[in-house]
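# Chains, contacts and geometry: an overview
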Amino acid sequence: MATQITPGLPQTYRALLLKSRRDPYDIEVVTKPMPQAGPGSVVIRILGANVLTYSDQIYTGSRPYPYPTPFTPGCSAIGRVSSVGPDATTLQPSQLVFFDLFIRGRDNPDSLILSGVFDGLNAASKKLMAGEWRNSTYAEYAKVPLENCFPLNESLLLGSPADGGLGYRETDLLYLSKLAVVFGGLRDVDVRAGETVVIVPATGAFGGAAVLAALAMGAQVIAMGRNQEALEKVKALDRNGRIRTVHNSGDVEVDIQELTKYGPLDVFFDISPENASNSTHFKSCIRSLRRGGRFSMMGAPKEVSLPVYVMMHNDITFKGKWMYTPDDVRFVIKLAERGFVKLGEAGDIQTVGKFALEEFADAFAAGAKMSGPWLQTVIVP
Ligand SMILES: NC(=O)c1ccc[n+]([C@@H]2O[C@H](COP(=O)([O-])OP(=O)(O)OC[C@H]3O[C@@H](n4cnc5c(N)ncnc54)[C@H](OP(=O)(O)O)[C@@H]3O)[C@@H](O)[C@H]2O)c1
């Protein structure tokens, strides 16, 4: 089989190029020759790419994520296949796909990068991003690994409800990437239907996604956070009495009482930011777990003081989790296609900003300003 190409593909395309980390951004829009898909790769037309709440920090360098320069930054994306390499067995030109930014080295399971964001923690990861997979999705087109493109059922997801579809817009589908992250942690500690999961903070971008994910898995949710207004927004989602909110008051004993009002908890899921190292929720949540409870740590604080004596006596399982498995991504897509998680307006998920490539600075500023659950900012090249 030869490479398959969409007829009429242009010879060139526009992309962001980040030349160095600095504030103000050292980023410009450039025109590049169209890449060719080869064995193991796909070229996709980017229909929308995610912006993180901390993209501004990553690309100015104030959050010291390593990546090679110059490069095209980016994130997970929704795309349409433009060309596929000769070893593609199923993907075809014009197919709608979810591009997963978590790229794994094919010859080394420890070689892991986040496309457009982070070139990993070892030499093999850095090699992966230095060459073939250097450039990401803040571009009209991107060449990406074949296995990172997950086919989407376009007629189901984008089709009109009158024809049995879910009526989503292409950019609504970008929320799959937040859901994939939190399903990664929740599935890693084997959350089961009927279990009680405390999510902290449930009030942020990923925490809000975790509430939706845990509900879709059949769990009871305790949404914890400091921001009362955001907690009220989470509570308002409660249609079946499966969400309780608890204010993270900073008083461990008071918070334990609230958390365990109806008995000890099964799972503690953390997705807190770097500056939450001293938050008391680590202690209150761990001490609220039942014997044999599980703790999934997806949050970013570098160091945290934990009540290890309690963890030891109560047989608590602690699992750190970075991102997810390909199977988690397929699971999330299936849940969305079957309507177990709702996207777009149907899921109360609001796209608060949609920006063109040249508006990247506004896009990163809008991402940083997002405050609360179920919001997303996207770049539409
Ligand atoms: N493990 C992984 O694979 C993975 C993947 C993606 C992201 N992450 C991490 O997830 C973190 C959260 O990202 P996000 O986009 O959801 O951030 P976000 O939208 O800014 O939400 C973070 C929430 O944390 C709470 N918070 C802020 N400062 C705090 C403090 N000092 N103590 C306690 N809580 C605090 C705030 O809620 P309240 O004010 O209500 O408390 C805020 O809404 C990031 O730092 C990222 O590194 C991890």
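Per an unreviewed UniProt entry, the protein chain carries the name Alcohol dehydrogenase and comes from Penicillium atrosanguineum. The heading Sequence similarities (unreviewed entry) in the UniProt record of the protein chain holds the text "Belongs to the zinc-containing alcohol dehydrogenase family."

A separate point is the pattern of salt bridges. What the rule picks out here adds up to 25 salt bridges. A salt bridge links D100 to R104; its shortest N-O distance comes to 4.0 Å. Under the relative-accessibility criterion, R104 is labelled partly exposed at 23%. Between E274 and K302 there is a salt bridge; the shortest N-O distance is 3.0 Å. A residue pair is termed long-range when its members are at least 10 positions apart, and E274 in the loop between β14 (265-270) and α8 (281-288) and K302 in the loop between β15 (289-297) and α9 (308-313) qualify at 28 residues. Linked by salt bridges that have partners in common, D190, R192, E195, D266, R290 and R294 make up one network.

We now examine the site of the ligand. Surrounding the ligand, one finds 25 residues, the nearest of these being T53, T203, A205, M298 and M323. Between the ligand and M323 there is a distance of 2.7 Å, counted from an oxygen atom to a backbone nitrogen or oxygen. Surface burial for the ligand is 84%, taken as the share of its 930 Å² of free accessible area covered by protein chains.

Within this numbering scheme, the UniProt entry marks residues 38-153 as carrying the feature "domain: Alcohol dehydrogenase-like N-terminal" (unreviewed entry). Each end of residues 38-153 is marked by a C-alpha atom, and these two atoms are 25 Å apart; helix forms 12% of the span and strand 36%.

Take unusual backbone geometry next. In this structure, the amide linkage connecting D23 to the following residue, P24, adopts the cis form with an omega of 5°. Here V200 and P201 are connected by a cis peptide whose omega angle stands at -15°. Within the secondary structure layout, P201 lies in the loop between β11 (196-200) and α5 (205-216). At S94, a position not held by glycine, the phi torsion is positive, near 80°. Inspection of the secondary structure assignment puts S94 in the loop between β5 (77-84) and β6 (96-99). S94 sits in the partly exposed class, given a relative accessible area of 44%.

A separate point is the nonpolar core. Counting 102 residues, the largest nonpolar core has Y59, Y138 and L173 as its most contacted members. Both of domain 1 (4-168 + 345-379) and domain 2 (177-320) provide at least three residues apiece to this core. Not counting residues up to four positions away in its chain, the partners in contact with L173 are I78, L96, L152, L157, L158, Y168 and L343.

Inspection of the secondary structure puts H281 in helix α8. Looking at H281, the relative accessible area reads 2%, which means it is buried. Separated by 2.6 Å, the side chains of H281 and S279 make a polar contact. Those residues in contact with H281 that sit more than four places away from it in its chain are V200, M224, N248, F268, D270, S272 and I286.

Across the sheet, six strands lie side by side as β13-β12-β11-β14-β15-β16; this open sheet has parallel pairing. The sheet is open, and its two edges are formed by β13 (243-247) and β16 (317-320), each paired on a single side. Averaged over neighbouring strand pairs, the angle between their axes works out to 20° when direction is ignored. Where strand β12 (residues 220-225) meets β13, five bridges bridge the pair, whose relative direction is parallel. Along β13, the bridge assignment pairs A223 with T245. Where helix α7 (residues 252-259) meets the sheet, it contacts β11, β12, β13 and β14, and its direction lies at approximately 170° from that of β13.

The next point concerns the packing of aromatic side chains. Overall, the coordinates contain 18 aromatic pairs when judged by the stated rule. Their ring planes at 70° and their centres at 5.0 Å tell us that F102 and W322 sit as a pair that is edge-to-face. With F102 in strand β7 (residues 102-105) and W322 in the loop between β16 and α10 (326-337), the pair connects residues that are 220 residues apart, well separated along the chain. Classification of F102 as buried rests on a relative accessible area of 4%.

With that settled, the discussion passes to the UniProt feature "domain: Alcohol dehydrogenase-like C-terminal" (unreviewed entry) in the protein chain. Under the UniProt annotation, the feature "domain: Alcohol dehydrogenase-like C-terminal" (unreviewed entry) is placed at residues 207-337. The annotated region residues 207-337 carries 40% helix and 23% strand content, and the separation between its end C-alpha atoms amounts to 22 Å.

It is common to report an interface's size as the accessible area lost on association of the parts. We note that the domain assignment places domain 1 (4-168 + 345-379) and domain 2 (177-320) within the protein chain. Placing a centre on the C-alpha atoms of domain 1 and another on those of domain 2 gives a separation of 30 Å. Counting residues at the interface gives 15 residues for domain 1 and 17 residues for domain 2. Note on domain 1 versus domain 2: buried area summed over both sides is about 1,200 Å², and carbon and sulfur give 58% of it. Here R239 and D348 are joined by a salt bridge, their closest N and O atoms 3.2 Å apart. Inspection of the region where domain 1 meets domain 2 yields four residue pairs in polar contact (both at pLDDT 80 or more). Along the lines of polarity and charge, the residues of the side of domain 1 that touches domain 2 split into seven nonpolar, six polar and two charged.

As a further point, take the pairing of β7. With four bridges joining them, β7 and strand β8 (residues 108-114) adopt antiparallel strand pairing. Considered in β8, the bridge of R104 is made with L112. Following β7, the chain reverses through two residues before pairing antiparallel with β8.

The rules behind each value
- Residues numbered from 1 in each chain as written.
- Predicted model: local features only at pLDDT ≥ 70, side-chain atom pairs only at ≥ 80, totals over all residues.
- Heavy atoms only, no water.
- UniProt positions renumbered as here; feature names shortened; annotations may be inferred.
- Salt bridge = Lys/Arg side-chain N within 4 Å of Asp/Glu carboxyl O.
- Buried < 20%, exposed > 50% of the residue type's maximum accessible area, 1.4 Å probe, protein only.
- Helix = DSSP H or I, 4+ residues; strand = E, 2+ residues; numbered from the N terminus.
- Near = heavy atom within 4 Å.
- Polar contact = N/O pair within 3.5 Å; in protein donor to acceptor, adjacent residues only side chain to side chain.
- Areas by Shrake-Rupley, 256 points an atom, 1.4 Å probe, with all protein chains shown as cover.
- Core = buried A, V, L, I, M, F, W, Y, C linked by side-chain atoms within 4.5 Å.
- Domains from an automatic or database assignment.
- Contact = heavy atoms within 4.5 Å.
- Pairing = 2+ DSSP bridges.
- Axes fitted to C-alpha atoms, helices over the stretch in contact; angles between N-to-C directions.
- Phe/Tyr/Trp six-rings, centres within 6.5 Å; stacked < 30°, edge-to-face > 60°.
- Buried area = accessible area lost by both parts, 1.4 Å probe.
- Nonpolar A, V, L, I, M, F, W, Y, C, P; charged D, E, K, R; others polar.

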